[in-house]
Amino acid sequence: MTYLKSRRFIGAAFTAITMLSITRTITGNGDLTSTVTIAQALVFASPIALAGLAGIWAERAGVINIGLEGMMILGTFGAGWAGWQWGVWAGVLAGVIFGAIGGLLLAVAAVTFGVDQIIAGTAINLLALGLTKFLAILLFTNAPGGGQAQSPPIKGEIPTFTIDSIVGPLTTLHEQGIFFISDLAGIVAGLFYNLSLLTIITFLLFVMTSYLLWKTAFGLRLRSAGENPWAADSLGVKVVQFKYAAVVFSGMLAGLGGAYLSIASTIYRNGNTAGRGFIGLATMIFGDWRPGGTAAGALMFGYIDTLRLIDTGNQNVKGLILLGAIILFAIGGIMLRRARRNSAIGFLILGSVMIGAYFSATSFPPEVAQVAPYITTLLVLATASQNLRPPAADGVPYRKGDHH
Amino acid sequence: MSQSALAVELKGIWKRFPGVIANSDINLKVTSGTVHAIVGENGAGKSTLMKILYGMQKADEGTISINGSDLVFNSPSDAIDSGIGMVHQHFMLADNFTVLENIVLGSEPKNGIRLDFAKARKQISGIAAENGLAVDPDVLVSELGVGDRQRIEILKVLYRGAKILILDEPTAVLVPHEVDELFNTLRDLKKEGLTVIFISHKLDEVLSIADEITVIRQGTTVGSVNPHTQNVSARDLAEMMVGNELPTPDAVGDTIQDEVVLKVENLSVFAKGGKAIVDDISFQIRAGEIVGIAGVEGNGQAEILDALMGIESASGRVQFKNEDITNKSTRHRRELGIGFIPEDRHRQALMLEAPLWENRMLGHQTREPNSKGIWLTPRSAKADTKRIVEEYDVRTPSIDVLASALSGGNQQKLIVGREMSGEPKLLIAAHPTRGVDVGAQAAIWDHIRNARQAGLAVLLVSADLDELIGLSDNIKVLLRGKFVADADPATVTPQDLGTAMTGAGEAA
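Numbers given for residues are sequential positions, taken from 1 along each chain in its written order. Just so you know, chain letters begin at A and ligand numbers begin at 1, following the order they were written in. Two thresholds apply to this predicted model, a pLDDT of at least 70 for residue-level local features and 80 or more for giving and counting side-chain atom pairs, whereas whole-chain, interface and lining totals are computed over all residues.

Let us now look at the interface of chain B and chain A. Our contact criterion uses C-beta atoms placed from the backbone: two residues qualify when those atoms are within 7 Å. With 23 residues of chain B at the interface, the matching set in chain A holds 20 residues. Put simply, DSSP marks the helices as runs of H or I at least four residues long and the strands as runs of E at least two long, and each gets a number from the N terminus on. For the side of chain B that touches chain A, the secondary-structure elements that each account for two or more residues are helix H2 (76-81) and strand E8 (114-115) of chain B. Ranked by residues supplied to the side of chain B that touches chain A, first place goes to H2(B) with three residues. For the side of chain B that touches chain A, the per-class residue count stands at eleven nonpolar, seven polar and five charged. The residue classification treats Ala, Val, Leu, Ile, Met, Phe, Trp, Tyr, Cys and Pro as nonpolar and Asp, Glu, Lys and Arg as charged. All others, Gly included, are polar.

Moving on to the pairing of strand E4 (residues 61-66) of chain B. Residues and elements named next belong to chain B. Strand pairing is assigned whenever DSSP identifies at least 2 bridges connecting the two strands. In the sheet, strand E1 (residues 6-17) pairs with E4 via five bridges, with the strands oriented antiparallel. Each residue of the ladder has a partner; that of Glu9, found in E4, is Ser65. Sheet analysis places E4 next to strand E5 (residues 69-71), joined by three bridges and oriented antiparallel. Looking at the pairing, Ser65 lines up with Asp70 of E5. Connecting E4 to the antiparallel partner E5 that follows it, the hairpin turn spans two residues, and Asn67 within it adopts a positive phi of roughly 50°.

Residue and element names in this part refer to chain B. Geometrically, the link from Glu368 to Pro369 is a cis peptide bond, its omega value of 5° lying close to zero. Take Pro369: it is sitting in the loop between helix H12 (356-361) and strand E19 (371-372). With phi around 55°, Asp280 is a residue other than glycine that occupies positive phi space. With respect to the secondary-structure elements, Asp280 resides in strand E14 (residues 276-286).

This part takes up the sheet that holds strand E13 (residues 260-270) of chain B. All names here are of chain B. With respect to topology, four strands assemble into an open sheet ordered E14-E13-E16-E17, the strand pairing being antiparallel. Looking at the sheet topology across the chains shown, the edges are occupied by E14 and strand E17 (323-324). Bridge count for E13 against strand E16 (residues 315-320) is five bridges, and the pairing is antiparallel. Within E16, the position partnered with Ser268 by the bridge is Ser315.

Looking now at the environment of Ile38(B). Residue and element names in this part refer to chain B. Looking at the secondary structure, you find Ile38 in strand E3 (residues 35-40). Our exposure labels follow a C-beta count within 10 Å of each residue's own C-beta, placed from the backbone: buried means 20 or more other C-beta atoms, exposed means 12 or fewer, and partly exposed covers the counts in between. What makes Ile38 buried here is the crowd of 29 C-beta atoms within 10 Å. Counting along the chain gives 288 residues from Ile38 to Thr326, while the straight-line C-alpha distance between them is 47 Å. Other than its neighbours up to four places away in sequence, Ile38 contacts Lys46, Ile197, Ile199, Thr214 and Ile216.

Residue and element names in this part refer to chain A. Start and end positions for the domains come from either an automated domain assignment or a database one. Each domain of chain A was delimited in the assignment, giving domain 1 (33-310) and domain 2 (313-387). On a C-alpha basis, the centres of domain 1 and domain 2 stand 27 Å from each other. Going through the elements one at a time, helix H12 (276-286) and helix H13 (291-309) are the ones with two or more residues in the side of domain 1 that touches domain 2. Among the elements that make up the side of domain 1 that touches domain 2, the one with the highest residue count is H13 (five residues). Considered class by class, the residues forming the side of domain 1 that touches domain 2 number eight nonpolar, no polar and one charged.

Structure follows, in structure tokens:
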């Protein structure tokens, strides 16, 4: 089992690096796999990953958490406010607590009162948005360095680590431009360059979640609340308590994701989440409600975001277009082998269009890259949705004693 | 009658729900180490009583004593702690979990905080081997059939060290040889000194397995009999249950007319991978004819019915009277006068969270009495729902309660009543009396027979072979998506059918 898993992981990583490498070679754009790009991608990926992980916790216990965005917003605000007052670690703590309050609200509405979970989540999103805007005006308008829509700077910094003995030589190796080897070097160096403690914590939370939810009795009970709460109840599992625990912890993780955002931009700003809660939800679905896949999805979003933002001369977006085309061709090839002709043709046509665009245009507007993650998600959902295994009772209101 | 200890004693149990008294003054004594059957009609209060005994619901009055000591159960875990285990009528299993995960859930063996999978596997194999319940602990439950699932439910209970097992209508979903296997298991368990409480309304089965039988009628215990010492027949029991004389369940007479109502040619349904689930079958049904399909569940019955209703896409040709309906929508088919009683009533026949009268409209929403033109007509729909409730003896406080509040048998009666409304020309029915008690079962049979007299054509799928033989004019045996044999209901026995269904007697 674990052997199979690690083989699959290595296979996936190998494929991804090869594709990146091909793209980098054709475009001659070293930025695509440079140390700085990868390091920055981790920073962009982490909040999304935390939101996705938050989604896993809630939905594995059978509560759909559309309110992730709202809980993240609460987290950004908590971190901005407490970080400005008492320093960065207080900010992290406040972000987590504010997120937890959002989670508690969802738990009360969805678990105790059986409110439709989509509606409850949406209400939390709207509430968080309005509340934080209001509090920002109230608390930050007259503060030095603050404004109506943003907090004063957060005091202090989260420690970051750079391991020079790894980064130095590998970065040199990256600059050689050797196929595959240089790209692998750039990527590995990126993992040890300006690595934030919060990113490490995020990673550890993923490891902890995999272990806790799939290897312990606690996890089995929590997941049973999302698979068949009536069966769980009949075996004496305290379903409501597990749902509460899961949803509140989900809020804490989303809040931490929000705090990460504020701390990365050193202030709280209205609208800083920019839909990352929803993207987190998408990565969770992309990852089949499992931590590994969710992390991969978040990395993809973080990577694309990075290329868009550090783009000089509009070459990165062009590279992305080529990468997209290569991926589409690869999927098309797989479909062809699985004898799914119609989907295969669709992918191959789409890939050809992108290749055509790549060779005919000299540059692309950055907005193209902005929509890329969303298009990717749609494609993934369209092709993989039949193989996904969401929790069977996800989103179903549960009332104790009800028979089903 | 004997001095042996009482495993369970219930005294003066009352349970009231808004509008209904589910249990009134129930008294029950179960001797240790016996199989004790509890029989009664649907809605007689058997399930409620067992939920009280299992701690899922609390009695308003009365005492429960287990092995001689009075106890109060606030939750199933209290009951489990006292050695009581329950095998539910609707299986309580998580499909996405493995067999192992389903069994250990709630009482997992641990190694630190880690779930000790190796130990769990060993314990389960041990219990399984002791009791002859073969299972593979590492397969997903979603891949298993009904018989396997029931074995898992029993293992779940044994794993928790239960000494008193409650089985809620365990045979309702099993085919004959699976019932035999289950009974062998129960006899083994009895030998091990366990006590089994067996709820059922299949009286022949009860008589063959039970050491003692308690009858419940309208929420109260009306008597106990011992089939070993007293000479009781299924009919005697049935009359105790219903409280009066029974109608006889067969009235065969040839009513087949010449007109072909349904003609199916080369029907095939394919699974995702391209495998044929229904494999090139052809048949026809004439007006006034009932064609029965016998088969172990999962051999393509559900797919045939869904294909005939236009729910599942299929190849082949389907003709209704003179019209080719192969490519017609489900609604069109229903409007032509095809009634449908599906296999899974919760999934396909009811909106559980809607009142009965809205459920009356479901599937008939384009026709009177439910609508006129583009407008729904709730008033006449409600009036018609009242008619169904009366004619089909649906036990409900009112037609405004949610469908989920009805017991399974009463839900079924409502569905049958609905589908028999509006004079259908063809009825496609799966297990029309599943979960329904003897009295109501006979009533449903009568309704079907009367309609057949008037020219109704029926395609009948049923796991109840007596029902299939008693009602059908022709029986076809389905195995792996193909008709493998025809049987004449006048001569065939349930045993013969059972053999043909499993493919054991290919020559027959």
